Structures are given as structure tokens and as C-alpha cells.
Amino acid sequence: MSSTPDSQAEAGAAQEATALVASVATAARAAQRAIAGAPRAVKDAALHAMADALAAHEEQILAANALDLARGRDRGMRPGLLDRLALDSGRLEAIAGALREIAALPDPVGQIVDGSVMPNGLRVRRVRVPMGVVGMIYEARPNVTVDVAALAVKSGNAVILRGGSAAQASNAAIVEALRGALASQGLPADLVASVDAAGREGARALMHARGLVDVLVPRGGAGLIRTVVEESTVPVIETGSGNCHIYVDASAEPGAAVDIIVNAKTQRVGVCNAAETLLVHQGIADSWLPRAARALWSRGTTLHADAAARGILRGPAAAEAHQDLLVEATEEDWDTEYGSLDLAVRVVPDVQEAIEHIRAHTTGHTEAVLAQDTAVITAFIAGMDSAAVIVNASTRFTDGGQLGLGAELGISTQKLHARGPMGLTELTTTMWIVEGDGHVRP
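Counting restarts for each chain, with residues numbered from 1 along the sequence as it is written. Confidence filtering applies because this is a predicted model: local features only for residues at pLDDT of at least 70, side-chain atom pairs given and counted only at 80 or more, and all residues used for totals across whole chains, interfaces and linings. In computing side-chain values, all of the structure's heavy atoms are included and hydrogens and water are not.

Labelled according to an unreviewed UniProt entry, the protein appears under the name Gamma-glutamyl phosphate reductase, originating from Actinomyces capricornis. UniProt positions are given in the numbering used here, feature names are shortened, and annotations may be inferred rather than shown by experiment. The UniProt entry for the protein carries this comment under Function (unreviewed entry): "Catalyzes the NADPH-dependent reduction of L-glutamate 5-phosphate into L-glutamate 5-semialdehyde and phosphate. The product spontaneously undergoes cyclization to form 1-pyrroline-5-carboxylate." Here the protein is described in UniProt, under the heading Catalytic activity (unreviewed entry), as follows: "L-glutamate 5-semialdehyde + phosphate + NADP(+) = L-glutamyl 5-phosphate + NADPH + H(+)".

Caption draft 1: Geometry of the overall build of the protein. A tally of helices and strands in the protein yields 15 helices and 16 strands. Since a compact globule built from 442 residues should have a radius of gyration of about 22 Å, the 24 Å found for the protein is in line with a globular shape. Viewed in the frame of its principal axes, the protein has a C-alpha envelope of about 75 × 65 × 55 Å. Think of it in three bands: residues with accessible area under 20% of the maximum for their type are buried, residues over 50% are exposed, and the middle band is partly exposed, with areas taken using a 1.4 Å probe on protein chains only. Within the protein, buried positions represent 52% of all 442 residues. Any two residues having at least one pair of non-hydrogen atoms within 4.5 Å are treated as being in contact. Considering only intrachain contacts with a sequence separation of at least 6, the fraction spanning at least 24 residues in the protein is 73%. Accessible area for the protein stands at about 18,800 Å²; split by element, carbon and sulfur atoms hold 52% of it. Here a helix means four or more residues in a row that DSSP labels H or I, a strand means two or more in a row labelled E, and each is numbered from the N terminus. The globule rule used for comparison is 2.2 Å times the number of residues to the exponent 0.38, while the radius of gyration itself is calculated over C-alpha atoms. The accessible surface values rely on the Shrake-Rupley method and a 1.4 Å probe; as for residues, cover is taken only from the protein chains in view.

Caption draft 2: The state of the cysteines, seen in detail. The disulfide definition used here is simple: a pair of cysteine sulfur atoms within 2.5 Å. A full pass over the atoms with the stated rule returns zero disulfides. Free cysteine C272: the closest other cysteine sulfur is in C244, separated by 6.8 Å.

Caption draft 3: Quick peek at the sheet that holds strand β1 (residues 112–117). Strands are labelled as partners when DSSP assigns at least two bridges between them. Across the sheet, three strands lie side by side as β1-β2-β16; this open sheet has antiparallel pairing. Looking at which strands have only one partner, the edges of the open sheet turn out to be β1 and β16 (428–435). Between one strand axis and the next, the sheet turns by 20° as a mean value, whatever way the strands run. Fitted lines through C-alpha atoms give the axes, limited to the stretch in contact for helices. The angle between two N-to-C directions lies from 0 to 180 degrees.

Caption draft 4: Geometry of a nonpolar patch on the surface. Nonpolar side chains collect at one region of the surface, where I381, V389 and V391 lie side by side and expose about 190 Å² of accessible area between them. If you trace the backbone, V389 turns up in strand β13 (residues 388–391). Note that patches include only residues with greater than 30% relative accessible area and no salt bridge, and the join distances are 9 Å for like charges and 5 Å for nonpolar side chains (Val, Leu, Ile, Met, Phe, Trp, Tyr). The term salt bridge refers to a pairing of a side-chain nitrogen on Lys or Arg with a carboxyl oxygen on Asp or Glu at a separation within 4 Å.

Caption draft 5: Structural detail: the pattern of salt bridges. Counted according to the given criterion, the structure contains 18 salt bridges. Among the ionic pairs, D214 bridges to R29, the shortest N-O distance being 2.6 Å. Highlighted residues: D214 in the loop between α8 (199–207) and β6 (215–219) and R29 in helix α1 (residues 5–35), separated in sequence by 185 residues. Across the salt bridge formed by D83 and R91, the nearest N and O atoms sit 2.7 Å from each other.

Caption draft 6: The pairing of strand β12 (residues 366–370), seen in detail. With five of its five residues buried, β12 lies for the most part within the structure. Where burial is concerned, the two faces of β12 agree: the one with T366, A368 and L370 and the one with E367 and V369 are both buried. As judged from the four bridges shared by strand β7 (residues 244–248) and β12, these two strands associate in the parallel manner. The partner of Y247 across the bridge, within β12, is V369. If you view a crossover with the strands going away from you and the path from the first strand over the helix to the second runs clockwise, you call it right-handed. After leaving β12, the chain enters helix α15 (residues 374–383) and then returns to the sheet as β13, a path that is right-handed.

Caption draft 7: Region of the structure containing unusual backbone geometry. In this structure, N392 is a non-glycine residue whose phi angle is positive, near 55°. Assignment of secondary structure puts N392 in the loop between β13 and β14 (411–412). The partly exposed category is assigned to N392, whose relative accessible area is 31%.

Caption draft 8: Representation of the packing of helix α2 (residues 40–56) against helix α6 (residues 142–154) in the model. Between α2 and α6, the least distance of the axes is 9 Å, while the angle of their chain directions is 160°. Put simply, α2 runs roughly antiparallel to α6. In this structure, the crossing between α2 and α6 has a hand that is right-handed. On α6, the residues touching R40, K43, D44, A46, L47, M50 and L54 of α2 are V146, A149, A150, V153 and K154. Residues were grouped as follows: Ala, Val, Leu, Ile, Met, Phe, Trp, Tyr, Cys and Pro as nonpolar; Asp, Glu, Lys and Arg as charged; and all remaining residues, including Gly, as polar. For the contact of α2 with α6, a count of residues per class yields eight nonpolar, no polar and four charged. Oblique is the label for every angle not falling under 35 degrees (roughly parallel), over 145 degrees (roughly antiparallel), or within 65 to 115 degrees (roughly perpendicular). Here a crossing is taken to be left-handed if its near helix is turned anticlockwise relative to the far helix by less than a right angle, and right-handed if that turn runs clockwise.

Caption draft 9: Inspection of the side chain of E276 at higher detail. Relative to the helices and strands, E276 is located in strand β8 (residues 275–281). Pairs of N or O atoms within 3.5 Å make up the polar contacts considered here, provided that, within protein, one atom can donate a hydrogen while the other can accept it, and that residues adjacent in sequence are counted only when both atoms are side-chain atoms. Within the structure, the side chain of E276 is placed 2.8 Å from the side chain of K265, a separation counted as a polar contact. Not counting residues within four places of it along the chain, the set of residues in contact with E276 comprises G242, N243, C244, K265, T336, E337, Y338, G339, D342, L343 and A344.

Caption draft 10: Layout of the nonpolar core. Here, the term nonpolar core denotes a set of buried Ala, Val, Leu, Ile, Met, Phe, Trp, Tyr and Cys residues that are joined through side-chain atoms within 4.5 Å. With 76 residues, the main nonpolar core has M50, L54 and I160 as its most contacted residues. If we skip the residues at most four places from it in the chain, I160 touches V24, A25, A28, V133, V134, G135, M136, A193, V195, L206 and V213. In terms of nonpolar packing, the next biggest core, distinct from the first, is built from 34 residues, V258, I260, W288 and L325 among them.

Caption draft 11: Looking closely at the packing of aromatic side chains. Each Phe, Tyr or Trp ring, with Trp reduced to its six-membered ring, pairs with another whose centre is within 6.5 Å; inter-plane angles below 30 degrees give stacked pairs, above 60 give edge-to-face pairs, and intermediate values give tilted ones. The final tally for this structure, using the stated rule, is one aromatic pair. Ring centres 6.4 Å apart and planes at 10° place the aromatic pair Y247 and F380 in the stacked group. Taken as a pair, Y247 in strand β7 and F380 in helix α15 lie far apart in primary sequence, 133 residues in all. The class of Y247 is buried, set by a relative accessible area of 0%. A residue is classified by how much of its surface remains accessible, and F380, at 0% relative accessible area, is buried.

Caption draft 12: Region of the structure containing the sheet that holds strand β5 (residues 192–194). Taken in spatial order, the four strands of this open sheet run β5-β4-β3-β6, and their pairing is parallel. This sheet does not close on itself; its edge strands, each paired only once, are β5 and β6. Each strand axis lies, on average, 20° off the axis of its neighbour in the sheet, ignoring direction. Sheet topology places strand β4 (residues 158–162) next to β5; three bridges connect them, and they run parallel. Looking across to β5, one finds that I160 is bridged to A193. Contacts from helix α7 (residues 168–184) reach β3 (133–138), β4 and β5, with the element oriented near 150° to β5.

What follows is the structure, given as C-alpha cells:
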């Protein structure tokens, strides 16, 4: 049976993508050897040059981003995703600032993890060394292009990027600027490379580049992450979607609790550390929930509420003006990462019920408890099995930049190698160094 023209074209595209990834990965491997043992001063100078390059190429980068945004609007991209995609002078300046913050951080390469002298006199130590060639598959987040490149350079790695079609113009402009900055410092431009030109076949080829790529990190929606985890033959560090919960206990400080939930839900809706479910202790639901709802409604948030919460919220006069922003919660709502101005709301009898709900529906990203009762806080922390637990603060703080990492590769929700925000240390592995004096094993 002869193949169709479409199948022939698909096979041809796959072959071209495989060849491209192999070529890029081979060049990245050679480039990585040039930086693996480079002094910190060399790497820091490169990071400062990369930051300067973003400023110098601001006009080109923002023009490219405008093209991506226009295409996104034409395709009906959700507001939260458009916000995640968007760059402006302020955001570009902040991204460049993160590069300089990473330059100021200690160099993890060569750090001694532990060491000892064995009874037979052998001197043993474990030291941090770069991963090698890191692949990154992610969606419409041009800031990730810079963050990953910076973390890779500082930790002595090379990185191959597949940033998704929605941000293709933005990523191309950014990668060009970063590669030029590396070359200006006498380092190989191939430390930062992209396979965006190969489209989806490029992502698939990257997933199957075992032996050429040392580790692969997906960052994006649940569908993308699941595809990479299930299809990749390259070892994967799994990042997770963010169905993040906030539990407001009866002992919570009311005003602070309102401010925290508003910040966690509405500051940036398209990010993985935005709150998606609010659990409220029944002891304060009647008094506190209407106050919180008014603040959320004023920012356009739709509340997907259970029966108890709806019964409370139908009463206040404020609810009458926002009936379109109060809907019945379904079972699906408890498992949804909205990425929009939507929030699931449930009234619970106590902290134990909140814990049970979270453990049934969490994606293992971030959970927060708002309480003054130390027994409640202790029980909540003990009951969680997520990458981050936050006490009396917004879920938005689960972020590498906010937690002193300068930037992040992503938020790992798995338990092997790395968990939580992944920074410089998480882009290293360890090497055993064993020194003897003519020792032989008896």
C-alpha cells in the first residue's frame, strides 16, 4: 500500500526535525565543554552581557512580541495566556534584572556536598557538576527563555529550547540577543539554542534525543507535561500544573486573609502559583466570605461555589449586583487549574476536612493556610504532600525569584532529584571523587 502525500510530508518533516535536533545537540555538547569548568567570573560576565543585550535589543524584542500577541488575539487566546505572553519595557527590565541577580548568586559548580576520610585512609567527597545539555519544552512564556538560559550558563550547562508557536517571534528575537551576548564574551553561542523552527516535530525529536540531551524539562499546561512525561526517552524532570489551594481557618486574621486571597487569585491569573480553590472554615464563613467575595467580584472573579457558600453569598446586597459572577460548583471545578478569573469555593467544617479535600484534588504544587492557631498550622503542614506549603502569605510566593533563586527552571512537583522551584542547584548533579595513596581493595 503506497503512502499518501500527507504521510510522506509528515515523515519528511520528522526526519528534518530529527536531523536538526541532532545537529543542535551535538553543537551544544561541544559548547558545554567550554563552560563546564569556567571560572565564576567568566560566567557572571556573560550573564551581565546577556542582560545588557536585552536592553540593547528592546525595540526588536517588543516588536516581535507584538506580532505574537496579535496572532494570539486573532486565535482567541485566553486573557490569562495573553498576559503570560506579553512583554513591555517594565517586564523586559525585570527579566534583565533577574539575570543580574543570578550573576550575584554563588556558583554551584564545584561545591562540596559532603566528604569524609574512610577507615582505610581513602579521602572521599561529593561535588556538584553540571548536568550537561538540558532540553526545555515550554509554552507561551518568553521570560522562561531568558530564565532558563541564565540558569544554564551560571551552572555550566548548555540549553536547547522549544518554546512553542505562540511565542515564536519573541523567543527568536530573545535567543538571537542572548547568543550574540555569549559570543561577545568569547563563549560559544551554541550554549543557548532553539529548535522552534522545527515546530511540533522539533519537540518530538527533542523528546527522543536520548544520548544527545541529558535531561528534559517540560513547563506548561497539564497536556504538554503529560505528553513529554509519557513519550520522552530522555530523562524528564516533571513540573506540574498548579491547582493551588488556600484554606482560611476560623483563627485567621480577617483583613489579611482577604488581601491574601485577592492577591493569590487576581495579581496574575495565568501563572501556575495562582490560587484556584478557596476553602473556608464554617465558623467564619457567614462573616468573612461575603467580604472576600466583594473584593474578588470587584476584580471580575467568578466564584464557583458549593451549596453552603452559595447560600451565604446570595444573601448580601452586594451579591445581587454580581449574580453573573456566582455559579454552582461542579465536581470538575475542584480539579481545575483555571488560568483565569475563576475561583472554586467550598465551606468546610474544620482543618481536617480541608486537608482531605486538598489531598483528593491537589496537583502537588502549592497549598496555603491562613490561621493564627498554631495547632491548626501544624496539622495543615503535616497533612500536606505538595512541593510548597505557605503559612499566612499568598501562593504567588512559590517562585524562584521570590525565594532567592534569582529565577527558576520551573516548579517541580515530583519527588526525585528536585522538588519545588528549580534554580541553579537543581541544574547540577554530583560526582564522587575518591583519592587514595596506592590503595587496593583486599
